[in-house]
Amino acid sequence: MKDITQGLIQPNGKELERAVLGAILIEKGAIFDVLDIIPSGDVFYSKSAGLVYKAVLELFNACENIDILTVIEQTKKNGDYDLIGGDEKGSYYIFQLTINVNSSAHITTHARIIVEKFLKREIIRMTGKISSLAYDDGDVFEVLDKWQNDLMEVSDYATGSKGFSSYNEMVRDGINSIREAIDADDNIDGSLTGLHTLDKITGKWEAGDLIIIAARPGMGKTSLVMTIVNHAGINLNKNIAFFSLEMSKEKLILRAFSERARINSYKFKNPKDITDEEFERILFQAGEMEKANIFIDDQAGLSITQLKTRAKKLAIKLGGLDMVVIDYLQLMKASVKVNREQEIALI
């Protein structure tokens, strides 16, 4: 791609690209903040920066450490080392990325600007291509169709749209889903909720479902959720992230003891009322609960971005999440300043 188009320098953010790469190299975990924003090295204006990011992604996908030395080795494996300088120049370029970077602060902002510059370059590229076609004697409607298709590709990239799926693609999956449901054992142990009556009404919860539990205050919403979480996490060995924006993790674990050990919750407010037999039940359940992959984050006032980032990190650590619970949605904050009505809509 030429640096200059019609006498103008194409939109780019070379310094931002260096800053993002430098932050990834010096701070473990910084890559998590940009994965969803920058999906590939093609987004970078600098070819060298794009090749370095390509190496970073390959190391990440292979669950390898990401640092200066591992990235240098990966560029060599890819045959890209010579393209970013080769010999000492390649190493020097990668080392230089970290010199003026102290932390990963603002890395998401920088990454979004890099993508915006990329999208502008893509629009310029498409405009030039369509202009050339318009000068030809071809069908003008074909030119318009080509322009619309290219523009939609850029729009989908910007919005993260997955596009349409045809019946041809979906029918087979739908039939397999029905067969699995017919063949599955209709028992409480295989139910994600552990509540047979609820499953009868809702048709069982499945991966990808958004379930909102709504009721007046004090009706037992958190208790119901904890029952479901404990069943799925302890009995079914599911990986669960629980974001409690209202109740502390200490109170939640006591509720879990109460539900699992079948002990009235008021006794946990007056522990001296707990009998020896009940305490033995608590100890037994504690042993079972320790094995569960249930993780509670009780920080109040989380923003949407913070919650997504924490859930994503935990998912990568565990190899996936089966359930994400937020108690409760209205206590979340938007990542941008808007009025409360807009904030709720964003959430």
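Student: Mind laying out the pattern of salt bridges, listing which residues take part and the relevant values?
Tutor: Summed over all chains, the structure comprises ten salt bridges. Two residues, glutamate 259 and arginine 262, come together in a salt bridge whose shortest N-O distance is 3.7 Å. On the basis of relative accessibility, which here comes to 63%, the residue arginine 262 falls in the exposed class.

Student: Residue-level account of the confidence of the model for the chain, with values.
Tutor: Per-residue confidence for the chain gives a mean pLDDT of 82, with 87% of residues at or over 70. Between the elements of the chain, mean pLDDT differs from a low of 54, seen in strand E1 (residues 4-5), to a high of 93, seen in helix H1 (residues 14-26).

Student: Tell me about the sheet that holds strand E5 (residues 323-327), residues and numbers included.
Tutor: Overall, parallel pairing links the three strands, which are arranged E4-E3-E5 in an open sheet. Edge positions in the sheet fall to strand E4 (294-297) and E5, since each has one partner strand and no second. The average angle at which neighbouring strand axes cross in this sheet is 15 degrees, direction not considered. Bridging between strand E3 (residues 240-244) and E4 involves four bridges; their strand directions are parallel. Bridged to alanine 241 within E4 is phenylalanine 295.

Student: Describe the nonpolar core, listing the residues and the values that go with them.
Tutor: Among the nonpolar cores identified, the biggest contains 41 residues, and Ile24, Ile31, Ile38, Tyr53, Ile66, Val71 and Ile94 are the most heavily contacted of them. Listed by contribution, the elements that provide at least two residues to this core are H1, helix H2 (47-61), helix H3 (68-78), helix H4 (87-96) and helix H5 (107-135). Looking at this core, the element that brings in the most residues is H2, giving nine residues. Residues within four places of tyrosine 53 in sequence aside, it is in contact with Leu21, Ile24, Ile31, Val34, Leu35, Ile38, Ser40, Gly41 and Phe44. Formed by 24 residues, the second largest nonpolar core is a distinct cluster that contains Ala232, Ile263, Ile274 and Val325.

Student: Let's hear about the packing of H2 against H3: which residues, and what values?
Tutor: Relative orientation of the contacting elements H2 and H3 amounts to 100 degrees, with a least axis distance of 9 Å. The angle between H2 and H3 places the two elements in the roughly perpendicular class. Residues Leu51, Val52, Lys54, Ala55, Val56, Glu58 and Leu59 of H2 touch H3, and the partners they reach there are Thr70, Val71, Gln74, Thr75 and Asn78. When grouped by side-chain class, the residues that make up the contact of H2 with H3 number six nonpolar, four polar and two charged.

Student: Which residues make up the packing of aromatic side chains, and what are the values?
Tutor: Applying the stated criterion across every chain yields a total of two aromatic pairs. Centre to centre, the rings of phenylalanine 32 and phenylalanine 60 are 5.8 Å apart; their planes meet at 80 degrees, and the pair counts as edge-to-face. Taken together, the residues phenylalanine 32 in the loop between H1 and H2 and phenylalanine 60 in helix H2 connect sequence positions 28 residues apart. Neither residue differs from the other here; phenylalanine 32 and phenylalanine 60 are each classed as buried. Between the aromatic rings of phenylalanine 44 and tyrosine 53, the centroid separation amounts to 5.1 Å while the plane-to-plane angle is 45 degrees, which identifies the pairing as tilted. Take tyrosine 53: its relative accessible area is 0%, and that puts it in the buried class.

Student: Provide a residue-level description of the pairing of E5, including the pertinent values.
Tutor: Residues Met323, Val325 and Asp327 line the buried face of E5, whereas the alternating positions Val324 and Ile326 sit on a face that is not buried. Where E3 and E5 come together, five bridges link them in parallel fashion. What sits directly across from phenylalanine 243, in E5, is isoleucine 326.

Student: Explain a nonpolar patch on the surface to me, using residue names and the numbers behind them.
Tutor: Nonpolar side chains collect at one region of the surface, where Tyr167, Met170, Val171, Ile175, Ile178 and Ile182 lie side by side and expose about 650 Å² of accessible area between them. In this structure, isoleucine 178 sits in helix H7 (residues 167-183).

Reading the values: rules and limits
- Residues numbered from 1 in each chain as written.
- Predicted model: local features only at pLDDT ≥ 70, side-chain atom pairs only at ≥ 80, totals over all residues.
- Heavy atoms only, no water.
- Salt bridge = Lys/Arg side-chain N within 4 Å of Asp/Glu carboxyl O.
- Buried < 20%, exposed > 50% of the residue type's maximum accessible area, 1.4 Å probe, protein only.
- pLDDT = per-residue confidence, 0-100.
- Helix = DSSP H or I, 4+ residues; strand = E, 2+ residues; numbered from the N terminus.
- Pairing = 2+ DSSP bridges.
- Axes fitted to C-alpha atoms, helices over the stretch in contact; angles between N-to-C directions.
- Core = buried A, V, L, I, M, F, W, Y, C linked by side-chain atoms within 4.5 Å.
- Contact = heavy atoms within 4.5 Å.
- Parallel < 35°, antiparallel > 145°, perpendicular 65-115°, else oblique.
- Nonpolar A, V, L, I, M, F, W, Y, C, P; charged D, E, K, R; others polar.
- Phe/Tyr/Trp six-rings, centres within 6.5 Å; stacked < 30°, edge-to-face > 60°.
- Patch = residues over 30% accessible without salt bridge, like charges linked within 9 Å, V, L, I, M, F, W, Y side chains within 5 Å.
- Areas by Shrake-Rupley, 256 points an atom, 1.4 Å probe, with all protein chains shown as cover.

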